[in-house]
Amino acid sequence: MFERRSLRLPITLAVIMIVLLILILIGWVIVNAFAARSNDQQAGFYWAFLSIGVTLLGVVLVGVVFYMVLTIKAINLSQRQSNFIDAVTHELKSPIASLKLYLQTLHRRPVPVQEQADFFRYMLADVERLDDLINQLLDAARLDKVAKKVEKEWINLADVVRSCAEVVRKRYELGPEQVELNLRPVLVFATQVDLEVIVRNLLDNAVKYGGEVPQVDVVLEPKSDEQVVLRVTDNGLGIPVHQRWRVFARFVRLGSELERAKPGTGLGLYLVRTLVDRMKGRVRIRDREGGCGTTFEVILPGKLQPQSAEAQSFPKTPN
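Keep in mind that what you see is a predicted model, and the values were worked out from it rather than measured.

**A short note on the overall build of the protein**
Phase 1 of the analysis: The helix and strand tally for the protein stands at six helices and seven strands.
Phase 2 of the analysis: Tracing the protein from N to C terminus, the helices and strands come up as α-α-α-β-α-β-β-α-β-β-α-β-β.
Phase 3 of the analysis: Across the 319 residues that make up the protein, the buried fraction comes to 38%.
Phase 4 of the analysis: Contacts in the protein between residues at least 24 apart in sequence constitute 71% of all its contacts with a sequence separation of at least 6.

Encoded structure:
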C-alpha cells in the first residue's frame, strides 16, 4: 500500500526537472541574445533557432507538469483504494467472524433459551451490517454507471427523514431523545431511493462519529420559496476546516484505516455529495453552534408543502 510519504519522490523529481528546464530556457535565451548582438549578419538565424528551441522546451515543460499532476492523482487514488480495501475487508471479516462464533457455540453445546435469544439478536445485527455494506457498494456502483432517465416525483422529505431516523434508532439502539427531529413538511422533486440514501448516510455518519452518547439533531425547513434545507448535527469532535473538502471524496476516511475503531467504507459522504449535485443542490459542513460537533447542511430545490384544502395538489413539475 502506498504511504503518504511516497508522494515526496515524484513531486521532488518533477520540481527538480521543472527548475532545470526553466534554468536551461533562461540560459539559452541569454546566450542566444548575446550571440545575436555580436554577429548582426547571423541575427536572423539565431532568433529563428531560439524560437524553435524555446517552443520545444516549453512543450517539454508542459509535459513534465502534466506528468507530475497525473502521478500525484494516481498515487492519491491508490491510497484511497487501499483504504477502501482495508475498510471493506474489516467490514466483512468482523460480522462473519461473529456469526461463525455464535453458530459454532449453538452447534457444539446446549445454550439456555435467553442466551439463544441474545445470540439471534447479535447475529441479526451482524447480518444487517453486511446488508448495509452491500447496499452501499451497490449504490456507489449505480452512481458510476451512465445515468438513466428515472421517474421522479414530488416527495415529502419529512416522511423520508422520519423513516430513516427510525431505522437508525433501531440499528444503534438509540432512544427517541438521541435523534431529535424538528421537521417542516417540505416537498422535493426526486426519487425515493436517492433521498433515502442521502438521509440514511447523513444520520449514520452523525451517530458513528458523535460523542460516547450520540446526540443527533435534525432540522428540515424551507430556505426560500424554491429551496429547502436539511441540517444534521452531531456532538462529536468535529472535522478540521482544512480536511472538510476531503471527506466527500470516494474511499476517503480521515486517519489510519488499520487503527480505526469506527466501521465504514469511505463511501457514505461521497454518495451524499454525488446525489445532491445531481439534484442541483449543494452540501456543506459547518461547526455545531454552541459546542463541539459538526453540522452537515444540505440545500435542495423544493418548497413548503401546501396546507390549504384547495392547494393539496402537488406543485408543477420543474423543467
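**Side note on the packing of helix α5 (residues 192–208) against helix α6 (residues 268–278)**
Phase 1 of the analysis: Between α5 and α6, the least distance of the axes is 9 Å, while the angle of their chain directions is 140°. Judged on the interaxial angle alone, α6 and α5 are oblique. The element α5 and its partner α6 pack so that their crossing is left-handed. Here D194, V197, I198, N201, L202 and N205 of α5 come into contact with α6, specifically with G268, L269, L271, V272, L275 and V276.

**Quick notes on the confidence of the model for the protein**
Phase 1 of the analysis: On average, residues of the protein score 78 in pLDDT, and 74% of them reach the 70 mark or higher.
Phase 2 of the analysis: Note that residues 256–260 has pLDDT below 50 and, in this model, eight contacts with residues that lie over four places away or in other chains.

**Concerning a nonpolar patch on the surface**
Phase 1 of the analysis: Together, V15, I16, V19, L20, L23 and I24 make up a nonpolar patch on the protein surface, roughly 530 Å² of accessible area in all.
Phase 2 of the analysis: Take L20: it is sitting in helix α1 (residues 8–38).

**Quick word on the environment of D159**
Phase 1 of the analysis: Position of D159 relative to the elements: it lies in helix α4 (residues 157–172).
Phase 2 of the analysis: Assessed through its relative accessible area of 43%, D159 is described here as partly exposed.
Phase 3 of the analysis: For D159 and R184, which are 25 residues apart along the polypeptide, the C-alpha to C-alpha distance reads 9.9 Å.
Phase 4 of the analysis: A polar side-chain atom of D159 sits 3.0 Å from a polar atom in the side chain of R162.

Cut-offs used in this document
Here, residues in each chain are numbered from 1, in the same order as that chain's written sequence. Per-residue local features are limited, in this predicted model, to residues with pLDDT of at least 70; the limit for side-chain atom pairs, both in listing and counting, is 80 or more; totals at the level of whole chains, interfaces and linings are taken over all residues. Excluded from the side-chain calculations are hydrogens and water; all other atoms, namely the structure's heavy atoms, are used. Here a helix means four or more residues in a row that DSSP labels H or I, a strand means two or more in a row labelled E, and each is numbered from the N terminus. Exposure classes here rest on a 1.4 Å probe applied to the protein chains alone. A residue is buried below 20% of its type maximum, exposed above 50%, and partly exposed in between. Note on contacts: a residue pair qualifies if any of its non-hydrogen atoms lie within 4.5 Å across the two residues. Interaxial angle, 0 to 180 degrees, is taken between N-to-C directions of lines fitted to C-alpha atoms, where a helix line uses only the stretch in contact. Each angle gets one of four labels, with under 35 degrees taken as roughly parallel, over 145 as roughly antiparallel, 65 to 115 as roughly perpendicular, and the rest as oblique. Crossing handedness: left-handed means the near helix sits turned counterclockwise from the far one by under a right angle, and right-handed means the same turn made clockwise. Known as pLDDT, the predictor's per-residue confidence is scaled from 0 to 100. The patches described consist of residues with a relative accessible area above 30% and no salt bridge, like charges being joined within 9 Å and nonpolar side chains (Val, Leu, Ile, Met, Phe, Trp, Tyr) within 5 Å. Accessible surface area values rest on a Shrake-Rupley calculation with a 1.4 Å probe, where residue burial reflects the displayed protein chains alone. For this analysis, a salt bridge means a side-chain nitrogen from Lys or Arg found within 4 Å of a carboxyl oxygen belonging to Asp or Glu. A 3.5 Å cut-off defines polar contacts: any pair of N or O atoms within that distance qualifies, except that in protein one atom must be a possible hydrogen donor and the other a possible acceptor, and neighbouring residues in sequence count only when both atoms are side-chain atoms.

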